[in-house]
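Read off the chains here:
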Amino acid sequence: MSEKSELEDKVRRQVEYYFSDVNLPKDKFLKGKVSDDPNGYVDLSIIISFNRMDQLKVSVEDTAKALESSEILQLSEDRQRVKRSTPLVELGRFEERAVYVSGFSSDASPDIDDVRKVFEAFGKVLSVKLRKNAKGEFNGTAFVEYATHDDVVKALEEKDLRLEGSDVVLVVLTIADFKSKRKSGEIVEDRPPKKKKKKDDGETEGGNQPEKDEREFVKGLVLKFEGIGPGVSREDLREIYGEFGVVAWVDFSRDEADGFIRFAELGSAEKALERLKENRKEIGGKIPEMSVLQGEPEKEFWDNVFQQQENRRKRIDERKRQKRFGPQKRFKKKRKRDRNEENFEEDNDDTADAVHPKKTKFASSDDEEDAREDQGDNEDSKDDPMSSGDPEAASKTGASVNDTQDTVPST
């Protein structure tokens, strides 16, 4: 097989994995994109932005060419979009369709395609997951997921499984046997600590999930501008840049010269950059310098977005807590002390009425601070799904929370 044919085969299998029975039902971002289109198509420009596809360095045209031979995917007439051509099939439990494999050298991760080739001799391999230790390094074991339990039975019957060129015999167990041996201490693993809402603790070949300690995002959505003139508002910027695509967020304060425009769709930032540079568009009487964020600056921008989202979620949770349970105890004590002082003064005042005055409701300084903070919130938060703390809404503006590192697509 030529180098070009081999690359096309990898691209096809990778995209087929994204739309596979094992990945699509749990991939919120991609499933949302499928639902957005009445015919179920997804732009190839989005597909090639995923981690694994980005590593393959292929264009929309290259990807379309590779998908021509796919039996489960269908290209649109303009070859710019792709959809699944067969209905989803509900799979059985993972534990019944997968095997645990040990015996790999932990000095270096094996090539995922080499592992897949060994095990696809017994049935259709849906995914290969290389597992990690607490340091994030390959620990010498893997999970291989089949389409059916019958394929697992066939793999277990083979007693001499080896990677091509290796003399080491691989050990294959059912998932139930693996868990039993781990529980009894026969298998000891230095595993990564469990994290909330994380289903996997290893590396999955080619999937569409974020890396372990990072939240993933769609690249190429953010345009940075520097050196605009005075008197420009967010509304002005939204109107100017809105000609080139839907503006999801304007990160800018009045009378500052620099800021960011976050678009909702791929290609809009590049389009705005090219057109505005070509026309030498003045903003506030000056022609700004512009660039589409890439690399570390882009990552820092999104880290800040995610942090602001988390902070806002915490403030909302705290306000809900106070609404339900009242202000923190220190404020309750203050109210009680003030009321005792009132009553004491009345009891010792001959002119006091016989009936105690109404109790005064004291507002905590935290409540006032939150109220002021709400009033001063960036008005663009109304239009920005990222500020809501809703991962699914965030994904629609390009922040994918669902991009895994290495997964074997179905073939």
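Just above sits the structure.
Since this is a predicted model, take the numbers as computed values, not measurements. (Residues numbered from 1 in each chain as written. Predicted model: local features only at pLDDT ≥ 70, side-chain atom pairs only at ≥ 80, totals over all residues. Heavy atoms only, no water.)

> Would you mind going over the pattern of salt bridges with me for this structure?
Close approach of charged atoms lets side chains of opposite charge pair. Counted under the stated rule, the structure contains 20 salt bridges. The residue Glu-95 makes a salt bridge to Arg-93 at a minimum N-O spacing of 3.7 Å. Here Arg-313 makes a salt bridge to Glu-310, at a shortest N to O gap of 2.4 Å. Of this pair, Arg-313 and Glu-310 both sit in helix 12 (residues 295-325), three residues apart, roughly one helical turn. A residue is classified by how much of its surface remains accessible, and Arg-313, at 25% relative accessible area, is partly exposed. (Salt bridge = Lys/Arg side-chain N within 4 Å of Asp/Glu carboxyl O. Helix = DSSP H or I, 4+ residues; strand = E, 2+ residues; numbered from the N terminus. Buried < 20%, exposed > 50% of the residue type's maximum accessible area, 1.4 Å probe, protein only.)

> It is not clear to me how the environment of His-149 should be interpreted in this structure. Could you clarify?
Its place among the elements puts His-149 in helix 8 (residues 149-157). With 57 residues separating them in the primary sequence, His-149 and Gly-92 have C-alpha atoms 8.4 Å apart. With residues up to four places along the chain from it excluded, the contact list for His-149 reads Glu-96 and Arg-97. (Contact = heavy atoms within 4.5 Å.)

> Quick question: what am I supposed to make of a negative patch on the surface here?
Together, Glu-3, Glu-6, Asp-111, Asp-114 and Glu-164 line one region of the surface with negative charge. When you line up the elements, Asp-111 lands in the loop between strand 4 (98-102) and helix 7 (112-119). A relative accessible area of 40% means that Asp-111 is categorised as partly exposed. (Patch = residues over 30% accessible without salt bridge, like charges linked within 9 Å, V, L, I, M, F, W, Y side chains within 5 Å. Areas by Shrake-Rupley, 256 points an atom, 1.4 Å probe, with all protein chains shown as cover. Lys, Arg positive; Asp, Glu negative; His and termini not counted. Charge placed at Lys NZ, Arg CZ, Asp CG, Glu CD.)

> How should the nonpolar core be read in this particular structure?
Ranked by size, the top nonpolar core spans 36 residues in total, and within it Phe-19, Ile-47 and Met-53 carry the most contacts. Within the residue set of this core, elements represented by two or more residues are helix 1 (3-18), helix 2 (28-36), helix 3 (44-47), helix 4 (51-56), helix 5 (60-66), strand 2 (73-75) and helix 12. The contacts of Ile-47, once residues within four sequence positions are left out, are Val-15, Tyr-18, Phe-19, Leu-30, Val-42, Met-53 and Val-82. Val-99, Phe-119, Ala-142 and Val-144 belong to the second-largest nonpolar core, a separate cluster that totals 21 residues. (Core = buried A, V, L, I, M, F, W, Y, C linked by side-chain atoms within 4.5 Å.)

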